[in-house]
Amino acid sequence: MTASAPKIGYSTAPLRSIKIEEVGEKGIVKALSIEDRKFLPTGRFWTSLCSTYSTHGLSTKVFKLFSHKEVLQRLTDVLGGDDKARIRYTFEDKGSAPGNILAVTLPSKPVISYESIAETLGRHNALTIDYNNGVMRSTHTPNHMENFKIAGDGFAHQYVLETPIDGFGSPLIYLSLLRQVCSNGMIGYSRAFRSEISMGRGDNQNANVIFSLERALDSFSNEEGYSALRQRFESATQSWASIAECNRVYKVLSAMAQKGMFLQKSTEGAKLVERFAVRREAVIGIGGTPDSSEKSESAVRIMRAYAGMTGDLCSIYGLTHLDALSRKKMAQLPAHCSMYDLLNFATEVATHHCAEKDGRLLQAEVGNFVSAEFDLEGSKTQGAKEQFADWFTDTSDIPPAE
């Protein structure tokens, strides 16, 4: 169990007992109550409510047309005395302070408690265990899978298990690779590298769910999936990163910097610059002139390392702004780094320079990259260097990426 383990509570109540207590700007519900107990709603609450009653045509889009209070009232009126008018809800208990309310489901739906999954993961020697917003996330090593090397870097096979403890959704397994030289973890957050664990049915629902998890943890092996993942990384070493692909990573980094998601680790930030910013000294301003705050300093270091890895793309191609290029043209022009460099940079930042929940934004982008063909697939082959040389118009002080 994690050191900061929350106190999770489960209860049932009539649907009509949900009351909107406080509404903020743009109709966002800031507080609600269930049977006169006040809670702070999360995104999982509204999403799960709509999913539970989707057969009645309810979806999150309805809140764009009607207020949350009106939707709840109409739903209650339609269901009347139906058994579906009773819900099970999960919440983070904070004592006298309002706790976060997580998912709502029908009482008959299987659910695995926080204590049960924490105990199960501990018995199976999970490498890491983390909780955030209703989901337990753990890292594991599959049985009988040997380490391997790509471009001289050692990799180890891993997988990540995400288990909802509020009954909303099924446990999911994502294939993962660990780059051992710097402990970077790449997680395949895409359908191509995802497996779903059946929750099971029957009277003893919790026991069925635990049995399914136990079986998955004891015997999980996806050699075909891991083989595909290794092949994509090997292909990344032979492919230049396009401006479009670099720009996708930049937009995620920029959004994270704006929201202050980067951790302040001066030593780690300096190492990142040293590893990646070896071609050109560049500082990119994020949202105007950076202030002296710790988060801003960390963001500047990360963006400097990014610019050093890709090269000054505007200067290279004689542009004032990359948006001057069409998406099709951006996909045809290479940056001064390979896709392997870009993937390693993204996983480095996601693993060591932001919280695990925030790093998922970058990991999802990496998962999208490796589950599809790269823009310049196989372009770093013999003779391709000369082919792309004419496109680099300002390369006097920038050695080619290797």
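Cut-offs applied
Each residue is numbered by its place in its chain's sequence as written, counting from 1. Local features are withheld for residues below a pLDDT of 70 in this predicted model, meaning they are given only at 70 or higher, and side-chain atom pairs are given and counted only at 80 or more; totals for whole chains, interfaces and linings count all residues. To get the side-chain values, take all heavy atoms of the structure and skip hydrogens and water. Helix and strand labels come from DSSP, where a helix needs a run of H or I of at least four residues and a strand needs a run of E of at least two; each type is numbered from the N terminus. Whether a residue is buried, partly exposed or exposed follows from its accessible area with a 1.4 Å probe, protein chains only, as a fraction of its type maximum: under 20%, in between, or over 50%, in that order. Any two residues whose heavy atoms approach within 4.5 Å at even a single point are treated as in contact. By salt bridge we mean one thing: a side-chain nitrogen of Lys or Arg within 4 Å of a carboxyl oxygen of Asp or Glu.

Novice: Just to check I follow, could you spell out unusual backbone geometry for this structure?
Specialist: Both trends apply: most residues other than glycine have a negative phi, and most peptide bonds are in trans. Of note in the backbone geometry, Asp-36 takes a positive phi value of approximately 70 degrees without being a glycine. Assignment of secondary structure puts Asp-36 in the loop between strand 3 (29–34) and strand 4 (37–41). Of note in the backbone geometry, Asn-125 takes a positive phi value of approximately 55 degrees without being a glycine. Along the chain, Asn-125 turns up in the loop between helix 3 (114–123) and strand 7 (128–132). Of the residues examined, Asn-125 reaches a relative accessible area of 62% and is grouped as exposed.

Novice: How should the environment of Leu-32 be read in this particular structure?
Specialist: Looking at the secondary structure, you find Leu-32 in strand 3. A sequence separation of 66 residues divides Leu-32 from Pro-98, and the C-alpha atoms of the two residues are 9.5 Å apart. Residues within four places of Leu-32 in sequence aside, it is in contact with Lys-19, Ile-20, Glu-21, Arg-37, Lys-38, Phe-39, Pro-41, Phe-45, Trp-46 and Ile-101.

Novice: In this structure, what is going on with the pattern of salt bridges? I would like to understand it.
Specialist: Oppositely charged side chains can pair when the atoms bearing their charge come close. Applying the stated criterion to the full structure yields 15 salt bridges. For Glu-214, the salt bridge goes to Arg-123, with nearest N and O atoms at 2.6 Å. Of the two residues, Glu-214 is situated in helix 4 (residues 205–219) and Arg-123 in helix 3; the sequence distance between them amounts to 91 residues. Residue Glu-214 is classed as buried on the basis of its relative accessible area of 17%. The partly exposed category is assigned to Arg-123, whose relative accessible area is 45%. The shortest N-O distance in the salt bridge between Glu-356 and Arg-137 comes to 2.1 Å. In this pair, Glu-356 sits in helix 12 (residues 356–370) while Arg-137 sits in strand 8 (residues 135–140), placing the two residues 219 residues apart along the sequence. Looking at Glu-356, the relative accessible area reads 36%, which means it is partly exposed. Judged by relative accessible area, which is 12%, Arg-137 ranks as buried. What emerges from the salt-bridge pattern is a single network uniting Arg-137, Glu-162, Glu-356 and Arg-360.

By themselves, these observations are geometric and do not establish any function.
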